[in-house]
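These are the residues of each chain, in order.
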Amino acid sequence: MMSAPAAAPEARLSPREKVAYGFGDLGSCLFWNSFMTNLLMFYTDVFGITAAAAGWIFFVSKFWDAANDPMVGLLADRTRTRWGRYRPYLLWFSLPLCIAAVLMFTTPNLSSTGKLIWAWVTYNVVMTLYTLVNIPYTALMGTISPDSRERSSVSTYKFACAFSAGIIVSFTFMPMTRDLAHGDPAVGWQRAFMVISAIALPFFLLCFLGTRERVVVSPTAKKTPVMEDLKDLVANRPWLILTGVTMAFVFFIAVRSTVTNHYLKYFMVAGQDAIGVSIPFLGQQRWDFATLQRWYQTADQVCSLVGVLIVGLFVKRMDKRWNFVMWFGLSTLCTIWAYFLKPHQVELLILTNSIRALAAAPLCVLLWAMYSDTAEYSEWKNHRQAAGLIFSASTFAQQLGWGFGPAAAAGMLDHFGFVPNVVQTTEVLDGLVLMMSWVPAAFGILAMVVIWLYPLPDRRVREMSEELKLRRADAVASVPI
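This part covers the overall build of the protein. Broken down by element type, the protein carries 15 helices and two strands. Based on the C-alpha atoms only, the size of the protein along its principal axes is roughly 75 × 55 × 40 Å. Residue burial in the protein is summarised as follows: out of 481 residues, 54% are buried. Carbon and sulfur atoms provide 68% of the accessible area of the protein, an area that totals close to 21000 Å². Of the side-chain charges in the protein, 39 are positive and 31 negative, and the distance between the mean point of each set is 5 Å.

Here it is as structure tokens:
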């Protein structure tokens, strides 16, 4: 396919600004990866509450997380400052987020009831502050440039930094909890998160300082009622289709990732202390479950980073919808291949999963770039901007997916008869294989079918961008001096 024309000079972003924008997600994902991979272990093994109590905190709080995303989006859309609408939230709430996160990983000397209250309060405060930083930050991508191709490029930087944060957390967080403990695990966890917060804060501030909102509110624009904005949202057909695709994509990831450790431990290692693995240039090695899990996840994150870095080469030459189907098709095929793997085929498992991760990572870039296109479509159709609501409502859909996806996986695991720390039955092992292969693949196939209904090819987006550019210029020219 022919390459798209270059972006107008005023719409182009320097690599420096793209990196600055990506720093915002690096800071966010230092928190997110730490929360998602380590918080449950902290609550049960260090803080001292039961897994059931922690599970209820996560599950019930998820509904608040999902509800406050659109509220923050609506608030950000109505914010007016000399720094813009979305950037100020990085300045205002990043330090409170860092402080609250340290408190969440602090173990106070309280009764069991007191600890439970502390956990409920600190977790919900942290997630609310995270929303106040991350929702406006994400919406900023819709206003950083009026050009769709530049926003696709910015999305690449965003997710490159996100996966870099995942690599950092994987390699450093747990060792820090050990090395900084000095005999007290609670102190080690608290100090480890002090380090994470101290690293994240400068990245938030660099994002604020290094970016600019180019798609500004029209001087003649008036604030609209909230219900009118919500009405426009549900009438935004491209956004509705993309939201359905996103939920299928989240289920594709969530079901598989929820049971990955169970699959590695009970199917691949299969009750042995260690298994033989042949590593290129290193020869034969013996890996226990923890070693297998570490290198499996590391390879996953590194290949995801590579996938994010190369997607830009394809976006410049191929429509985003075609890109989406190509990458998702490859990722789904690799997911199905897990059905045919046998126990102890570790090398083949890591190889196919690495290809799957490399192919799945560009989907994140493409989805967020397409969401920015739906925000532009909303402005083109309704003659007003609502990027904050568009992106926050999109995050709402993801929150629901991440709430119900793992719950569904846990329910299936229980249905198959899983019992921890014993040799599993054939039914359980077959169920684990299905949840690593055909179950997520079904959601992948569904997403690829639904994406064909998406009505905004890149050509149409460029046409809207040009029309909006003229509208904005006319609106500025019409303002009395």
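Back to the write-up after that little detour.
Relative to the assigned elements, S372 resides in helix α11 (residues 346–382). On the accessibility criterion, S372 (2% relative accessible area) is buried. Filtering out sequence-adjacent residues up to four positions away, S372 remains in contact with G142, R151 and F391.

This part takes up the packing of aromatic side chains. How two aromatic rings sit relative to each other is set out by the distance from centre to centre and by the angle between their planes. Following the criterion strictly, the structure yields 21 aromatic pairs and no others. Judged by centre distance (5.6 Å) and plane angle (40 degrees), the ring pair of F31 and F193 falls under tilted. Remark: F193 occurs in helix α6 (residues 185–210) and F31 occurs in helix α1 (residues 15–47); sequence separation between them is 162 residues. Residue class for F31 comes out buried when judged on its relative accessible area of 0%. Among the aromatic residues, those joined into a ring-pair cluster are F31, F105, W189, F193 and F204. In this structure, K158 is placed above the aromatic ring of F159, and the distance from its NZ or CZ to the ring centre is 5.2 Å.

With 91% of its residues at a pLDDT of 70 or more, the protein shows a mean pLDDT of 83. Considering only residues more than four positions removed or in separate chains, one finds that residues 1–9, a stretch of pLDDT under 50, has 19 contacts.

Between helix α8 (residues 237–268) and helix α14 (residues 438–450), whose axes approach to 8 Å, the crossing angle comes to 165 degrees. In terms of axis orientation, α8 runs roughly antiparallel to α14. As for the relative orientation of α8 and α14, their crossing is left-handed in sense. On the side of α8, the interface is formed by I241, V245, A248, F251, F252, V255 and R256, while α14 contributes V439, P440, A441, F443, G444, L446, A447 and V450. For the contact of α8 with α14, the per-class residue count stands at 13 nonpolar, one polar and one charged.

Quick notes on the rules
- Residues numbered from 1 in each chain as written.
- Predicted model: local features only at pLDDT ≥ 70, side-chain atom pairs only at ≥ 80, totals over all residues.
- Heavy atoms only, no water.
- Helix = DSSP H or I, 4+ residues; strand = E, 2+ residues; numbered from the N terminus.
- Buried < 20%, exposed > 50% of the residue type's maximum accessible area, 1.4 Å probe, protein only.
- Areas by Shrake-Rupley, 256 points an atom, 1.4 Å probe, with all protein chains shown as cover.
- Lys, Arg positive; Asp, Glu negative; His and termini not counted.
- Charge placed at Lys NZ, Arg CZ, Asp CG, Glu CD.
- Contact = heavy atoms within 4.5 Å.
- Phe/Tyr/Trp six-rings, centres within 6.5 Å; stacked < 30°, edge-to-face > 60°.
- Lys NZ or Arg CZ within 6 Å of the ring centre and 35° of its normal.
- pLDDT = per-residue confidence, 0-100.
- Axes fitted to C-alpha atoms, helices over the stretch in contact; angles between N-to-C directions.
- Parallel < 35°, antiparallel > 145°, perpendicular 65-115°, else oblique.
- Left-handed = near helix turned anticlockwise from the far one by under 90°.
- Nonpolar A, V, L, I, M, F, W, Y, C, P; charged D, E, K, R; others polar.

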